[in-house]
Amino acid sequence: MYLHLDMDYFFAQLEEKRRPMAKNKIIVVCVYSGRTEDSGVVSTVNYLGREIGIHSGMPIAFAKKRAPPADSIFVPIDREYYEQTSLRLDQIIRRSCDRVVQASIDEWNVEDKNAIDKAARLKDSIKNELGLTCSVGVAPSILGAKMAASKSKPNGLLILDKSEERRFIDESSLEKVPGIGPKTVAALNQIGAAKVKDLRNISVVTLAEIFGRKTGGWLHNLSSGNFDQDIGEEKPQDEVSRIGTLKESTRDSYLLLSKLTELENEAKEWLMNMKKSYKTLSITFITEDLKTHTKSTSFRNPKSWNEDISKDMEALVSEFLSENNMEIRRIGIRFANFMDMDCQTTLF
Ligand code: DCP
Ligand code: CA
């Protein structure tokens, strides 16, 4: 069975979570371009905001016209915070499921024999550990699971068996099917198909003529009940990094190292979970003039997450401080050049 998990109004939900006062308000997460006060676009908005027609990609100025000022909060996007939460979610999901592929910052595909039993527990763990809601679909194909998850939104869970999945997809309008873009929908509408089942009235030859062999064949399969089983592959990651903003700009190595240790622990949790050791350690310094500087060191033998590197961090920090006299505003850590720890134990 396949499972698809999608966080509800992800960025806006996270902003809601850190502002308990914002319950029952419209929360609009904004990507400000900085040209004028309101220039930029909406990244996402909570469901209250969606009800009055605010949506991703809308200019902020338009959203402000719709949103009653007393009941709305406009906040700048904070990617660092969302990415950290995404990492926590990834850990929760990997802890309990067999084969996991992260599909985007807030979506996961899972293949697991026991997906049906795990789905509700997964939702509970995410609610209990992070206080967040998500929507989950479970079905015999990943396509069915994705469509079930989006149907059940928000905070939903929809489990389909083989025949329910077939019926559900058959009755779906074409624009609800992931992978069918607006142009294809328009072309299919033109030839009389509005729902997936309508595709059965069009021959595979005609579909291939209009959309090409690949898409045509895929549409034909869809109408015949052969749904996607492939959850994709993750590109192998060869580095993990964490960056943070200091409370105030500083050159105090104690303050720099304590922030670094915080970031080190976060990144090492990832190394531990992924069973990776690393050969390169880098520290990034963003100075007050917003320039980025990096200091790196490589180890001859890969280091595992539980080895102490405080001396190495100290050396890199003091090397940087001796070469540059600006105050440091943000600092980051990066581990790279991975080796699998499992494979290492068999090697040595
Ligand atoms: N996002 C963005 N710009 C877009 C679409 C999305 O910045 N045009 C960001 C904000 C979203 C996040 O990506 O929170 C996840 O995208 P989703 O499409 O999953 O949207 P949401 O999670 O916000 O809402 P939903 O509950 O519909 O999944
Ligand atoms: Ca989402």
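Residues numbered from 1 in each chain as written. Chains lettered and ligands numbered in written order. Predicted model: local features only at pLDDT ≥ 70, side-chain atom pairs only at ≥ 80, totals over all residues. Heavy atoms only, no water.

In the annotation of an unreviewed UniProt entry, the entry for the chain reads DNA-directed DNA polymerase, and the organism field reads Candidatus Bilamarchaeum dharawalense. Of the comments in the UniProt record for the chain, the one headed Catalytic activity (unreviewed entry) reads "DNA(n) + a 2'-deoxyribonucleoside 5'-triphosphate = DNA(n+1) + diphosphate". Here is the UniProt Cofactor (unreviewed entry) comment for the chain, exactly as written: "Mg(2+)". (UniProt positions renumbered as here; feature names shortened; annotations may be inferred.)

**Student:** Please give an account of the pattern of salt bridges that cites residues and values.
**Tutor:** As a working rule, side chains carrying opposite charge can pair if their charged atoms are close by. If you walk through the whole model with that rule in mind, you get 24 salt bridges. Put simply, Arg18 and Asp78 hold a salt bridge, and the shortest N to O gap is 2.8 Å. Taken as a pair, Arg18 in the loop between helix H1 (10–17) and strand E2 (26–32) and Asp78 in the loop between strand E4 (72–76) and helix H4 (79–96) lie far apart in primary sequence, 60 residues in all. Residue class for Asp78 comes out partly exposed when judged on its relative accessible area of 23%. In this structure, the salt-bridge partner of Glu171 is Lys197, at a minimum N-O distance of 3.0 Å. With Glu171 in helix H7 (residues 162–171) and Lys197 in the loop between helix H8 (182–190) and helix H9 (204–223), this pair connects stretches of sequence that are 26 residues apart. By relative accessible area, which is 28% here, Lys197 ends up partly exposed. (Salt bridge = Lys/Arg side-chain N within 4 Å of Asp/Glu carboxyl O. Helix = DSSP H or I, 4+ residues; strand = E, 2+ residues; numbered from the N terminus. Buried < 20%, exposed > 50% of the residue type's maximum accessible area, 1.4 Å probe, protein only.)

**Student:** Explain the nonpolar core residue by residue, including any values.
**Tutor:** By size, the foremost hydrophobic cluster in this structure holds 30 residues, and its most contacted members are Leu3, Leu5, Met7, Ile93 and Ile126. Put simply, the parts of the chain that give this core at least two residues each are strand E1 (2–7), H1, E2, H4, strand E6 (107–111), helix H5 (115–130) and strand E7 (134–139). Two domains each donate at least three residues to this core, and these are domain 1 (2–9 + 81–160) and domain 2 (10–77). When neighbours within four sequence positions are excluded, Leu3 is seen to be in contact with Trp108, Asn109, Val110, Ala115, Ala119, Leu122, Val136, Gly137, Val138, Ile142 and Ala145. (Core = buried A, V, L, I, M, F, W, Y, C linked by side-chain atoms within 4.5 Å. Domains from an automatic or database assignment. Contact = heavy atoms within 4.5 Å.)

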